[in-house]
Amino acid sequence: MTIYYYAFTGHKYGLDRARRAAVILKGLKAKGFNTMLLVNDFRAGLATRDLGVPESVHIEGIQDIDAIAEVGDVAIIDSPEDDHGRLVKYCSDFKHVFRFAEHDEDTSIHGETMLTIDCNSDECISSIIVDDIYFETHQKKQRTLFFLGDSDADKTILNNSDFFNATPMELLLGNYFYVKYENDLEKIFETLHESEEYTELICSSSRVITASFQTALEAKVAGAEVIFINLSNISDKQKELLSLLKVILISNFNIEIFKQIALNPVFDGDIPIERNDTIVTKIINCF
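What you see is a predicted model, and the numbers here were worked out from it, not measured in a lab. (Residues numbered from 1 in each chain as written. Predicted model: local features only at pLDDT ≥ 70, side-chain atom pairs only at ≥ 80, totals over all residues. Heavy atoms only, no water.)

Examining the pattern of salt bridges
Right, on to step 1. The tally for this structure, following the rule as stated, stands at 16 salt bridges.
Right, on to step 2. Between Asp-78 and Arg-17 there is a salt bridge, with the nearest N and O atoms lying 3.3 Å from each other. You can see Asp-78 sitting in strand β4 (residues 74–78) and its partner Arg-17 sitting in helix α1 (residues 16–30), a full 61 residues away along the chain. Accessibility assignment for this pair places Asp-78 and Arg-17 in one class, buried.
Right, on to step 3. Residue Asp-132 pairs with Arg-275 through a salt bridge whose shortest N-O separation is 3.5 Å. Taken together, the positions of Asp-132 in the loop between β7 (125–126) and β8 (141–147) and Arg-275 in the loop between α9 (255–263) and α10 (276–284) put the pair 143 residues apart, joining distant regions of the chain.
Right, on to step 4. Exposure remark for Asp-132: the relative accessible area of 33% places this residue in the partly exposed category. (Salt bridge = Lys/Arg side-chain N within 4 Å of Asp/Glu carboxyl O. Helix = DSSP H or I, 4+ residues; strand = E, 2+ residues; numbered from the N terminus. Buried < 20%, exposed > 50% of the residue type's maximum accessible area, 1.4 Å probe, protein only.)

Quick look at the sheet that holds β8
Right, on to step 1. Pairing within the open sheet is parallel, and its six strands lie in the order β10-β9-β8-β11-β12-β13. Each of the sheet's edge strands pairs with one partner strand only, and the pair in question is β10 (192–193) and β13 (248–251).
Right, on to step 2. Inspection of the sheet shows strand β12 (residues 225–230) paired to β13 by four bridges, in the parallel sense. Bridging across to β13, Ile-229 finds its partner in Ile-250.
Right, on to step 3. Where helix α7 (residues 213–221) meets the sheet, it contacts β8, β11 (205–210) and β12, and its direction lies at approximately 170 degrees from that of β12. (Pairing = 2+ DSSP bridges. Contact = heavy atoms within 4.5 Å. Axes fitted to C-alpha atoms, helices over the stretch in contact; angles between N-to-C directions.)

Considerations on the packing of α1 against α10
To characterise two packed helices, one gives the angle between the axes of the helices and the distance between these axes.
Right, on to step 1. The geometry of α1 relative to α10 is characterised by a closest axis approach of 9 Å and an angle of 70 degrees between their N-to-C directions. Between α1 and α10, the interaxial angle falls into the category roughly perpendicular. Handedness of the α1/α10 crossing: right-handed. Residues Val-23, Ile-24, Gly-27 and Leu-28 of α1 pack against Asn-276, Ile-279, Val-280, Ile-283 and Ile-284 of α10. (Parallel < 35°, antiparallel > 145°, perpendicular 65-115°, else oblique. Left-handed = near helix turned anticlockwise from the far one by under 90°.)

If you want it as structure tokens, here you go:
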């Protein structure tokens, strides 16, 4: 039996799902299971090598999972794609199927086990997954780190350049940033960091500003002050979790609100996030 984890990624969607996948796959591997990461973007497979997942298989999308997985295997699916009825076959053929909820009302359709954001008991599995390294104690450097996300195809940073003049910031580049675009960004930021420095910088920065929900969670667990720029209309449950973590939310690039926040930093907040070993154990207990 092999456990296949399909993570939907790409230059328009970033690597948040791949980061979650790496955490779970490493946990399953440590407990002796055969695992394989499936991605629909070749570059995501390269990025997850730095996250501790040395191998991956490229497929076209969610409908092609069974081109690799066989009857009796296990599938974990983290994707917003329409499966066009394929999920019925997966739940019939595979030993067990897990699926990440894509919105607040998302529920099991064909008997698959759901991973949900509002899990707070032993009867469910949380979709909030953060690598153990962020739970460790890290020495902080006094800096404001900005990480929009893994890509910026719409040149959001350039179009909001005034926002970055409000206070000195260092930019963490995304995996899908183009070289020519980086040249433009050098005119806004004095310091640009390569995407390979992601983990070290999220762990060591005193303040992190991001539009990535996954990055906001990781930075908060690592002990940073976190400001989340809501560009994609996150769900109500996501907002509730960020509020509980005392992550500050800003709609778009509101300079005036940011200036007020910069004068009154917020650090402390409860961390109601299960450790990875608990989540992995719950997954194993299902099959």
